[in-house]
Amino acid sequence: MQQEVVLAMLAKEPSHGYQLRSRLQQALGPAGDAMNAGQIYVTLSRLEKGGLVSCEQTAGLPDRPDRKVYALTAAGQQRVSAWIADVSWPGPGLAEFHLKLITAAAGRLADPVAVVDAQRRELLRRLREAQRAAMAEPERSDAGLLLEGITLRLQADLRWLEACERNWTGRKDRE
Amino acid sequence: MGKLVLVTRLAARDLRHRPAQALLLLLAITTATAVLTLGLALHGVTSHPYQQTRAATNGPDAVAQVVVTHRAGQRPVPPAPVAKLMHAPGVSAASGPFLETTVYVHAHGVFAGAVVEGRDQAPSRVDRPKLTSGSWVRPGGVVVERTFAEALGVGPGDRITLGGRTFTVAGTAVTAASTPFPNMCETDCALGFSDAVLTSRNIGLIWATGPDLAAMHPAGPSTQAVYVVNLKLRDPARADAFAAAHSTTSDSDQVSTGSGPTVSGQGPPPVVVSVTGWPAYASAAAQLVVDEQQVLSPGAVLAALLAIASVAVLAGGRMAEQTRRTGLLKAVGATPRLVAAILLAEHVLLALLSAAAGLVIGWLAAPLITSPGAGLVGAPGAPSLTGSIVAEVVIVALLVALAATTVPAIRAAHTSTVRALSDAARPPRRRPRLIALSARLPVPLLLGLRLVARRPRRALLSVASVAITAAGVVAVLTFHATVTGVSITGQLGNPVLDRDEQMLTVLTVVLIALAGLNAVCSAWATVLDARTASALARALGATPRQVTAGIAAAQLIPALPGALLGIPLGLGLFAAADHGNKLTVPAAGWLALAVLGTLAVVALLASLPARIGARHPVAPVLQAETT
Amino acid sequence: MSETEQTPVLRARGLRKEYGSQGSLVRAVDGVDLDVAAGETVAVMGPSGCGKSTLLHLVSGLDRPSSGEIWLAGLRIDQLPERALARLRRDTVGFVFQAFHLMDELTAVENVELPALLAGRPARAARRRASELLDQVGLADRARFRPAALSGGQRQRVAVARALVSEPKLVLADEPTGNLDSEATLEVLRLFESLHAAGQTLVIVTHDSRIAATADRLIGMRDGVFVDETRLADGTTGSLGALAGLEG
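Residues numbered from 1 in each chain as written. Chains lettered and ligands numbered in written order. Predicted model: local features only at pLDDT ≥ 70, side-chain atom pairs only at ≥ 80, totals over all residues.

Caption draft 1: Focus on the overall build of chain B. Tallying secondary structure elements over chain B gives 19 helices and ten strands in all. For chain B, long-range pairs separated by at least 24 residues make up 86% of all intrachain contacts whose partners lie at least 6 apart in sequence. (Helix = DSSP H or I, 4+ residues; strand = E, 2+ residues; numbered from the N terminus. Contact = placed C-beta atoms within 7 Å.)

Encoded structure:
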């Protein structure tokens, strides 16, 4: 599980591991079925070692993982903010961006619509670049073919981003 | 049964949905049926008037005119053959002999000739002229034959000078014993005039008392007198045989002597008897109405043709919308037959309404135009609207509707449903030469020519309708030129000719109205059809005025050959109606005026719907194409 | 920079377009300000019904605004009579429609020369210019084909050539690839890029991000108003390789 996602989920409030897992499952739906139950604990312990989260043991109980309460450290906060603002496109993974929007809204880290807009602008710029490069290529070149693929995927992603914008704008209006 | 109700309901709804178009169709067909009704009603009138006059006036079966020669200065007396004739075998009743004289007539500054017949104030046994105004003869008062009175412009109370003496017109009357003015001399006029100033068409019949007659100065030879005897036969069917048997031929052994002193050394003065049977009067009278009929029939044909053209344009113009509706109907399961039935039902409904309206209008208008020959007791009031007339008019109305809508209906019904739903109206044909030519013309002609090229069939219809209208106008002009060229001295009017001209004018007005309707319909159809094209032209930079001018040009371009074609067509029409008599071609100036006038009217009428269409905002029309 | 260079080709202030009566008023365009400089390509994106097509019609003179001011090449056009607007449309502005709106019975070259003929240019000059333009858009060999014999992309290219025939200061395109498949869109894309490179001022209304990506400026529109603006000429943060799935 992407470290930044887990970090961002803790931005809302300190939580138990199982709480995080259930929120993830709710956010991902069927797409998250393949996720390993234990994965999240592995990520949490890595984050702890890195000093991005702190761990509190509820007093009096034996040292079992599901009794620990995790919380963000200052370093963790910074990392989350940087992640929210980052517009580099991850590639085929949609889940990360999807969770970015959800965690940003839940933890009041940023306006999800603004996040979508920023990402759209970046993708449009990339699209422009890829298109220009594609048209500069002679017809039927191999490079041109690859570039066309990039262009088409970017277009598809942009469509999804438009849908995200519509969706999140609607939620804002409803609240 | 349910299907019939469904069809009727859908048809009625469609008509209500587009009331303006339905109204135009109604007008077009109604005009045609009204004219047709008039024509048919008149036709019925032809066969009856003489008979009615004969019945009303106790008209004779045979009329004998006995010309007797006497010594100058002597008073004539009825010769022996008169009495012989009145008591001849086969004669059941007789009246007369009535002395007749020819005199010159002066009335209201008009100069003409008349045959004056001396009558008693008491009604005669045979031939009692029926008064149409005023009263019968009295001392100082004469009665003029009705059509003659119309031509002279006199009525009861007017002064009239006969043979140098002035009398008062006591009244006007009609009779079956003579042929009405101006054809009187076809059957009568045994005496001539001493000078050849007057032609036979300027002579009419007048009745006066005996003493008044004696006071008039005769215009004919002073040694001749005519006695008229009206006879009723036991067997009217043998009137012509009777007439032949008792008329004098050139054989001298038929000549009988008159009474009175003989001219010394030359034997008894000759008497010439000519008897005319009633069939001759009947046919002469009928001629008058036939003349009128000849004007009306081609007119009715023209009107019907124009109506068909209007209906075709309108029906064709609606076809685009019909196509989509048809597609919808078929998509929900209607068979092509049902679809065609609905399309036809609309027009049949309209046709029936038009037929009813046309019958009523024609029936009401008939008395205004019919007054058959005026010299006969025509059908008083309205001509009878027989069942056959009604049937014929209804059938014609239905045929007009069907003729114009069958082709589009069949086409609409057999278009594939998919094509119909996608509203692919007939795509315009491409005419490369016209397109190349139009590129060199100013913008309105460019637009107009291209619009015409898109719908050649409608252009042909325009040519036809303008030609028909121009033909009507040219026929009237030719009538004017031919007929007024014939009248001698130009002083005496000819009521029959006047009436012919009146009817021609009325017809032409009707034709022009129909053609105007046609022009508006055609222009409107063009505007609708060209809506996208003109919106696009405006989007590409044509001004509204250029677009309006373009649509007007699209109507004018076919109108020009149509108007020119109308000239020979009108001349031919007149020639056909006039039985190939020689005709005078109207002056070139008048013809040019007719052509230009037609074109001007077409342009004006076309620009009306065009202006309305050109003012609409462009964007919605173009958007509608995409959604 | 000289005066003329500074004057924007298109300037609109407070544009409004309303339909309907008191009871049900629809505000298609609700207070829009727009500036387009010479040589710029501006794209307006938004969901359907947001008013972007209406905006284009107002700016080109095909429709009249309910209120607001529009200047085209320094000339105030919102109060002009129809005749002057028509002249404007044939000299200053070229329009490309989503549905192409080519005349079916004319060949490609006859379609292209039409605005020039309407402007009163002599037939030969108009024909020559039309052929040149068809050559420019790469359809010289299809000049005598009728629209029915052309593919969607070719038809739209003919429409673009038609919009260019009078050397307009501004070309407006309303969803130019709306009726086109992916390959045809590429054709039109190339054409717009080449126009842009040649310095033509373009305003394109679209919901296709590929077309929008050719613009210098991208304006988002929703419910009759502009909601955001992006300058696409600025650089990007990532590499093409990353987009293709290459690491590092």
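Caption draft 2: Quick peek at the overall build of chain C. Each helix and strand counted, chain C has nine helices and ten strands in total. Across the 248 residues of chain C, 50% fall into the buried class. Long-range contacts, defined here as pairs at least 24 residues apart, represent 69% of the contacts in chain C between residues at least 6 apart. (Buried ≥ 20, exposed ≤ 12 C-beta atoms within 10 Å, placed from the backbone.)

Caption draft 3: Inspection of the interface of chain C and chain B at higher detail. Opposite the 27 residues of chain C that make contact, chain B presents 27 residues. Of all the secondary-structure elements, those providing two or more residues to the side of chain C that touches chain B are helix H3 (82-91) and helix H4 (108-118) of chain C. Classifying every residue of the side of chain C that touches chain B by side-chain character gives 13 nonpolar, four polar and ten charged. (Nonpolar A, V, L, I, M, F, W, Y, C, P; charged D, E, K, R; others polar.)

Caption draft 4: Region of the structure containing the nonpolar core. Counting 204 residues, the largest nonpolar core has Ala470 and Ile551 of chain B together with Leu172 of chain C as its most contacted members. Residue contributions to this core peak at 13 residues, all from helix H14 (residues 456-484) of chain B. Grouped together as the second largest cluster of nonpolar side chains are 66 residues, Val105, Ala177, Cys189 and Ala219 of chain B included. (Core = buried A, V, L, I, M, F, W, Y, C linked by C-beta atoms within 7 Å.)

Caption draft 5: Looking closely at unusual backbone geometry. In this chain, Gly96 of chain B is followed by Pro97 of chain B through a cis amide linkage whose omega measures 0°. By the element assignment, Pro97 of chain B lies in strand S2 (residues 91-107). If you check the backbone angles, Arg108 of chain A has positive phi at about 50° while not being a glycine. Within the element layout of this structure, Arg108 of chain A appears in the loop between helix H5 (95-106) and helix H6 (112-136). Even without being glycine, Phe100 of chain C reaches a positive phi, approximately 65°. Tracing the backbone through its elements, the reader meets Phe100 of chain C in the loop between strand S6 (93-96) and H4. Accessibility expressed as a C-beta count within 10 Å gives 23 for Phe100 of chain C, which makes it buried.

Caption draft 6: View of H3 of chain C. Looking at H3 of chain C, one finds that the buried residues are Leu85, Ala86, Arg89 and Arg90 of chain C. Buried residues of H3 of chain C, seen end-on, are gathered within an arc of 135° and therefore sit on one face of the element. Tucked inside the fold, the buried residues of H3 of chain C contact helix H16 (531-539) of chain B together with helix H2 (52-60), S6 and H4 of chain C. (Arc of directions from axis to C-beta.)

Caption draft 7: Local environment of the pairing of strand S3 (residues 110-119) of chain B. Residue and element names in this part refer to chain B. For S3, the tally of buried residues reaches eight of ten residues, placing the bulk of the element in the interior. Between S2 and S3, which pair antiparallel one after the other, the connecting turn spans two residues, and His108 there sits at a positive phi close to 50°. With seven bridges joining them, S3 and strand S8 (residues 203-209) adopt parallel strand pairing. If you follow Val115 over to S8, its bridge partner there is Leu205. (Pairing = 2+ DSSP bridges.)

Caption draft 8: Structural view of helix H7 (residues 182-197) of chain C. Residues and elements named next belong to chain C. If you check H7, its first and last C-alpha atoms are 22 Å apart, about what 16 residues at 1.5 Å a residue would give, namely 22 Å. Here H7 has its buried residues at Thr185, Val188, Leu189, Phe192 and Leu195. An end-on view of H7 places all buried positions within 125° of arc, on one side of the element. Exposed residues pointing more than 90 degrees away from the buried face of H7 are listed as Glu183 and Ala197. Tucked inside the fold, the buried residues of H7 contact helix H6 (152-164), strand S8 (201-206) and helix H8 (209-212). Just past H7, the residue Gly199 takes up positive phi, approximately 95°. (Expected span 1.5 Å × (residues − 1).)

Caption draft 9: Summary view of the sheet that holds strand S1 (residues 15-16) of chain A. All names here are of chain A. In space, the three strands of this open sheet follow the order S1-S3-S2, with antiparallel pairing throughout. Looking at which strands have only one partner, the edges of the open sheet turn out to be S1 and strand S2 (53-57). Here two bridges tie S1 to strand S3 (residues 68-72), and the two strands are oriented antiparallel to one another. Residue pairing in the sheet places His16 in a bridge with Val69 of S3. Contacting S1, S2 and S3, helix H1 (residues 3-10) crosses the sheet at an angle of about 95° to S3. (Axes fitted to C-alpha atoms, helices over the stretch in contact; angles between N-to-C directions.)

Caption draft 10: Spotlight on the environment of Leu447 of chain B. Residue and element names in this part refer to chain B. Take Leu447: it is sitting in helix H13 (residues 443-454). Placed 90 residues apart in sequence, Leu447 and Ala537 show a C-alpha to C-alpha distance of 8.6 Å. With near-sequence residues (within four places) excluded, Leu447 lies in contact with Ala537, Ala542, Gln546, Val547, Gly550 and Ala553.

Caption draft 11: Summary view of the packing of helix H2 (residues 17-28) of chain A against helix H3 (residues 39-49) of chain A. Residue and element names in this part refer to chain A. It is the contact of H2 with H3, at a shortest axis distance of 10 Å, that shows an interaxial angle of 120°. The angle between H2 and H3 places the two elements in the oblique class. In this structure, H2 crosses over H3, and the sense of that crossing is right-handed. Residues Gly17, Leu20 and Arg21 of H2 touch H3, and the partners they reach there are Ile40, Tyr41 and Leu44. A class-by-class count of the residues in the contact of H2 with H3 yields four nonpolar, one polar and one charged. (Parallel < 35°, antiparallel > 145°, perpendicular 65-115°, else oblique. Left-handed = near helix turned anticlockwise from the far one by under 90°.)

Caption draft 12: Representation of the environment of Ala525 of chain B within the structure. Residues and elements named next belong to chain B. Following the sequence through the fold, Ala525 ends up in helix H15 (residues 495-529). Given 23 C-beta atoms within a 10 Å radius, Ala525 is considered buried. Separated by 84 residues in sequence, Ala525 and Pro609 have C-alpha atoms that sit 9.3 Å apart.

Caption draft 13: Layout of the sheet that holds S6 of chain C. Residues and elements named next belong to chain C. Judged by pairing direction, the sheet is mixed, and its six strands sit side by side in the order S6-S7-S8-S3-S9-S10 without closing on themselves. Edge positions in the open sheet fall to S6 and strand S10 (225-231), since each of these has one partner strand only. Taken over all neighbouring pairs, the strand axes of this sheet differ in orientation by 20° on average, direction set aside. Pairing of strand S9 (residues 217-222) with S10 involves six bridges; the strand directions are antiparallel. When the bridges of S10 are listed, Arg217 appears paired with Arg231.

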